[in-house]
Amino acid sequence: DINSDGIVDILANSCTSGVLGWFENDGSGNFTEHIIKDNWTLVSEASPADIDSDGDVDVFAAAQASGIWWFENDGNENFTEHLIFNGWVKPNRIQAGDIDGDGDVDFAAGSCGTSAVVGWFENDGNQNFTCHPLRTNFGGPRTPVLCDVDSDGDVDIFATAWSSSITVFIENNGNRNFSQYVISTDAWDLLDLDAADIDSDGDIDIIGGSAEAAANHLRWWESIDSFCIADFNVDMNSGHAPFTVQFTDMTYSKPPASSWAWDFDSDGTIDSYEENPFHTYDVPGIFTVTLISSNSFISDTCVMDELVSVFDGESALKFSTTLSSALCNGTQSINITDSLTIEAWIYPTGWGSNASLGYGTILDKVNFSLVLFKNVYGKNCIGLKLKHEGGLSSLAVTPDSSVQLNGWQHVAATYSYSDGTTRIYINGIEQALTFNPAPSGKIADNSSTNLSIGLFQTNNFRFEGIIDEVRLWNTSRTHQEILDNISAVLNGNETGLAGYWKMNEGSGDSLFDCSLNSNGFSLTSVKWVQGTPFYPTKIEENIMILNPVDEYQTFKCVTLTGNCFKVSFVQNSACETSLFLFDVSGREVKEIFKGTLNPGLNTLFFELHSMPSGQYFLTLKTEENLYSAKIALFK
């Protein structure tokens, strides 16, 4: 009743015509058109409510081209427009209601396009609105519907996403807390929802309508009396052993769930009967988690495959060809224009996001890039692209088939401005290069461009696979320097080290720069996975003593040739000494030495020709101390 005459009027909008208006009912079914706003591009929804609590009907409206607005009624059906929010790309649906139960009018809305979000907007009582996103990455959201589905006195929300085929029930738990439950995953092209007691049984059901392309044009969901839908979430799903995870039950149940049974490692044994347990993973691995939730009538099982990833101290980032990226803001410390070295460990599973050409980008700063090629400039190879002062763009490419999929490889590319020399090494072996054209001169200034890992910024090409241990230098490293440090842990203060990203965080959305320059990365849509093992060219580590007695004691493991190793250490006194080899699960696989050794420097030689390739832990135990070193064996 927009004009408060006791008769129902009609509020309407036209997306293609760009008109928002209302039709005044004279009481006899005759309607007069009144325009609120015209020439309004892609106005997609309107919802009436007394927004300012002055006793007349105002209007919320959403236009895909200009945001969400409200139109204030002065009591005589003259409307003044007020912008509420323009932070979404294509807001397209809106419905008014008191969502937080504070007596004023809020609203729920959705936005398609790149925003892909459904949320609610909180009114502070003075028509200032705060956006609260409820579900993001929600492909094609439509029609948030407000209703008290569970009869608990607050307003719940239904929403559908037509392109991702998902319909969700968003339960209002009070105090601005919401829980989400997927009620359909086959609702493709479902564009409209409404709430009603369709079967006259006293509870709220949902009816939905689809567009022409959908298989089921009209469907409804019946609210039932007893159900149990097991669900849960975790506070973190990746980290290094020992790794503790908190599990939170999210079961949707009527009546409420009363018992829970958790299997944290998919071994068939129940590990906890608590509602919200903690569990510590002591060994590396990828773990599937199962929850069985029960109420007094029924049970349901939720299995999350490969949910928890636990690493052995080395982690890396897995990139996909869709949205994955790691970005670092440009700074002067990574504005490299003279000499350059790029190093990384890579495990490519494909050639990149361009299906025909590849362009799997390892590192890119616009004016210098290290990229995999599938079928351009060469086949199954790697190239260093440089943009020089004066406008020259150079490219150096390795031979065809020099890069392999589905295996770890160390790659390094160098450029020396002084003599124009470019070199590329794969697993420490220098490659014959083809130039198109050859490099010449300084690299063009790149102080204002971002640095990216896994993303070619100019064309949005992306890496496909895993990247680990990225190093950026403002010097041209020699072949020997690359070989000496191919698997060594750097101190971070080495001369010329502009950036050093170990990728051993194991979780989170950022990378820490382990050099002195603090060039951190922000991460998008990447997955933490197990990192690269050690490469056997050379391993030499000073290992921390777990129970130190003498600060001068050291334990060194050095690779000799083939699969032969040398261990040297200092003992304070003659004592029983044992040297063992363990696998990454902590199982003893070989006793290398056991006996009494004299005080002073001791050296043990051993070979592992009979052992399979993989990562191992070497443990030296004396009567006083325990030492460990990590080695990797490749054949």
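Residues numbered from 1 in each chain as written. Predicted model: local features only at pLDDT ≥ 70, side-chain atom pairs only at ≥ 80, totals over all residues. Heavy atoms only, no water.

(A) Representation of the overall build of the protein in the model. What the protein contains, in helices and strands, is one helix and 53 strands. Expressed as lengths along the three principal axes of its C-alpha atoms, the size of the protein is roughly 105 × 70 × 45 Å. A buried classification covers 49% of the 635 residues belonging to the protein. In the protein, 53% of the contacts between residues at least 6 apart in sequence involve partners at least 24 apart. Looking at the protein as shown, the accessible area adds up to about 28,100 Å², and 47% of this sits on carbon and sulfur atoms. Mean positive and mean negative side-chain charge positions of the protein (30 and 85 charges, respectively) differ by 20 Å. (Helix = DSSP H or I, 4+ residues; strand = E, 2+ residues; numbered from the N terminus. Buried < 20%, exposed > 50% of the residue type's maximum accessible area, 1.4 Å probe, protein only. Contact = heavy atoms within 4.5 Å. Areas by Shrake-Rupley, 256 points an atom, 1.4 Å probe, with all protein chains shown as cover. Lys, Arg positive; Asp, Glu negative; His and termini not counted. Charge placed at Lys NZ, Arg CZ, Asp CG, Glu CD.)

(B) Up close: the layout of surface pockets. Here the largest pocket is characterised by a volume of approximately 620 Å³. Lining the largest pocket are 28 residues, with Phe169, Ser223, Phe227, Tyr252 and Lys254 positioned closest to its centre. Those elements that provide at least two residues to the lining of the largest pocket are strand 14 (166-174), strand 15 (177-184), strand 17 (205-210), strand 19 (227-229) and strand 23 (252-254). In terms of residue count, strand 23 provides more of the lining of the largest pocket than any other element does, three residues in total. Taken together, the residues of the lining of the largest pocket sort by class into 16 nonpolar, four polar and eight charged. (1 Å grid on protein atoms, 1.4 Å probe; cavity = no way out; pocket = protein on both sides within 12 Å on 5 of 7 lines; lining within 4 Å. Points joined across faces, edges and corners; volume = space filled by probe spheres on them. Nonpolar A, V, L, I, M, F, W, Y, C, P; charged D, E, K, R; others polar.)

(C) Examining the packing of aromatic side chains more closely. By the definition in use, this model includes 28 aromatic pairs. Each ring, one from Trp262 and one from Phe264, has its centre 6.0 Å from the other, and the planes form 25°; the classification is stacked. Using a relative accessible area of 0% as the deciding quantity, one classes Trp262 as buried. Ring-pair connections join several aromatic residues into one group, and the members of that group are Phe60, Phe85, Trp88, Phe107, Phe121 and Phe129. When the ring centre of Tyr417 is taken as reference, the NZ or CZ atom of Lys442 above it lies at 5.7 Å. Arg477 extends its terminal NZ or CZ atom over the ring of Trp473, reaching a point 3.7 Å from the ring centre. (Phe/Tyr/Trp six-rings, centres within 6.5 Å; stacked < 30°, edge-to-face > 60°. Lys NZ or Arg CZ within 6 Å of the ring centre and 35° of its normal.)

(D) Looking closely at the pattern of salt bridges. For the structure shown, the criterion picks out nine salt bridges. Note that Lys37 is salt-bridged to Glu81, the shortest N-O span being 3.2 Å. Residue Lys37 is located in strand 3 (residues 31-37), and its partner Glu81 is located in strand 7 (residues 79-85); the two are separated by 44 residues in the primary sequence. Residue class for Glu81 comes out partly exposed when judged on its relative accessible area of 36%. Here the salt bridges do not stand alone but share partners, grouping Asp100, Glu122 and Arg176 into one network. (Salt bridge = Lys/Arg side-chain N within 4 Å of Asp/Glu carboxyl O.)

(E) Up close: the sheet that holds strand 31 (residues 358-364). The strand order 38-34-33-32-31-39-29-45-44 describes an open sheet built from nine strands, whose pairing is antiparallel. At either margin of the open sheet sits one strand with a lone partner, and together these are strand 38 (434-435) and strand 44 (510-511). Here five bridges tie strand 33 (residues 379-387) to strand 34 (residues 393-397), and the two strands are oriented antiparallel to one another. Looking across to strand 34, one finds that Lys387 is bridged to Ser393. (Pairing = 2+ DSSP bridges.)

(F) Broad picture of the sheet that holds strand 6 (residues 67-73). One open sheet holds the four strands; their spatial order is 4-5-6-7, and the pairing between them is antiparallel. Taken across any chain shown, the strands that pair with only one partner, and hence form the sheet edges, are strand 4 (43-49) and strand 7. Averaged over all pairs of adjacent strands, the angle between their axes in this sheet comes to 25°, without regard to strand direction. Two elements, strand 4 and strand 5 (residues 58-63), share six bridges in a ladder whose sense is antiparallel. Counterpart to Ala46 in the pairing with strand 5 is Ala61. (Axes fitted to C-alpha atoms, helices over the stretch in contact; angles between N-to-C directions.)

(G) Expanded view of the state of the cysteines. As enumerated under the stated definition, the model contains zero disulfides in all. No disulfide involves Cys15; its sulfur sits 9.6 Å from the nearest other cysteine sulfur, which is in Cys112. (Disulfide = S-S within 2.5 Å.)

(H) Examining the nonpolar core more closely. Core analysis: the biggest nonpolar cluster contains 42 residues, and Leu340 and Ile362 have the highest contact counts within it. Of all the elements, strand 30 (residues 340-348) adds the most residues to this core, at four residues. Phe232, Phe247, Tyr281 and Phe287 belong to the second-largest nonpolar core, a separate cluster that totals 17 residues. (Core = buried A, V, L, I, M, F, W, Y, C linked by side-chain atoms within 4.5 Å.)

(I) How the structure looks around the confidence of the model for the protein. The pLDDT averaged across the protein works out to 87; a share of 91% of its residues lies at or above 70. When mean pLDDT is taken per element in the protein, strand 24 (residues 259-263) scores highest with 98 and strand 47 (residues 555-559) scores lowest with 62. Contacts for the low-pLDDT stretch residues 534-553, under 50 throughout, to residues beyond four places or in other chains number 57 contacts. (pLDDT = per-residue confidence, 0-100.)

(J) Quick peek at the side chain of Thr398. With respect to the element layout, Thr398 can be found in the loop between strand 34 and strand 35 (409-416). If we ignore the near neighbours within four places in the chain, the residues touching Thr398 are Cys381, Ile382, Ile424, Gln431, Ala432 and Leu433.

(K) Here's a closer look at the environment of Phe569. In this structure, Phe569 sits in strand 48 (residues 564-571). Owing to a relative accessible area of 0%, Phe569 belongs among the buried residues under this scheme.

(L) Expanded view of the pairing of strand 25 (residues 278-281). Burial along strand 25 is one-sided: the face carrying His279 and Tyr281 is buried and the face carrying Phe278 and Thr280 is not. Sheet topology places strand 22 (residues 243-249) next to strand 25; four bridges connect them, and they run antiparallel. By the bridge assignment for strand 25, Val245 is matched with His279.

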